[in-house]
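Per-entry structural report
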Amino acid sequence: MAEAEQTLEFYVSPIANPICKDKLRQSLLKFITRQIGIKHIKRGVKEVGKALRKKTLGIVVFAADISPVDVLSHLPLQCEELGIPYCYVRSRLELGAAAQTKKPTSVVLIQVPTKEDIKGLERYHQLFDKVKEINPFI
């Protein structure tokens, strides 16, 4: 008998749309890890909500396994109103690990890098375009 491949099934909340494909998800998580060193990341519902109210531009990455959904259901609407692209990754654990927190994180805002960080700015614009492309709401 051949061994069957074991796939992990994650809980996905009903509002989790669009969910990133594997390649884009890995790119976003790597970029989050890179940007955390230069403090261009806002993490958590409270920080991201405050940044969105102040009209901070960037890319918002949500975890798709949030329960209850009411915790962050208002944030995608704010993103749509401001024209900020957003997407969902499959797990709070991997989002928290990328943001280098001890606890799982439900939402991260990647801010626009400064003009001095040319490589980071190029990568940010590539990811911005990819996330905007998959998002049907913007």
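Residues numbered from 1 in each chain as written. Predicted model: local features only at pLDDT ≥ 70, side-chain atom pairs only at ≥ 80, totals over all residues. Heavy atoms only, no water.

Across the interface, helix α1 (residues 22-36) lies against helix α5 (residues 118-134) with an axial gap of 11 Å and an inter-helix angle of 145 degrees. Like other packed secondary-structure pairs, α1 and α5 cross with a definite hand, here left-handed. Of the residues in α5, those touching α1 at Leu-24, Ser-27, Leu-28, Phe-31 and Arg-34 are Lys-119, Gly-120, Arg-123, Tyr-124, Leu-127, Lys-130, Val-131 and Ile-134. Class assignment of the residues belonging to the contact of α1 with α5 gives a composition of seven nonpolar, two polar and four charged. (Axes fitted to C-alpha atoms, helices over the stretch in contact; angles between N-to-C directions. Helix = DSSP H or I, 4+ residues; strand = E, 2+ residues; numbered from the N terminus. Left-handed = near helix turned anticlockwise from the far one by under 90°. Contact = heavy atoms within 4.5 Å. Nonpolar A, V, L, I, M, F, W, Y, C, P; charged D, E, K, R; others polar.)

Judged by pairing direction, the sheet is mixed, and its four strands sit side by side in the order β1-β4-β2-β3 without closing on themselves. Two strands lie at the open edges of the sheet, namely β1 (41-43) and β3 (86-89), each paired on one side alone. Recorded for the sheet is a direction-independent mean angle of 20 degrees between the axes of neighbouring strands. The pairing of β1 with strand β4 (residues 107-111) spans three bridges and is classified as antiparallel. Bridge assignment links Lys-42 to a residue of β4, and that residue is Leu-109. Contacting β2 (58-63), β3 and β4, α5 runs over the sheet at an angle of about 60 degrees to β2. (Pairing = 2+ DSSP bridges.)

Remember that the coordinates give geometry; whether it matters functionally is a separate question.
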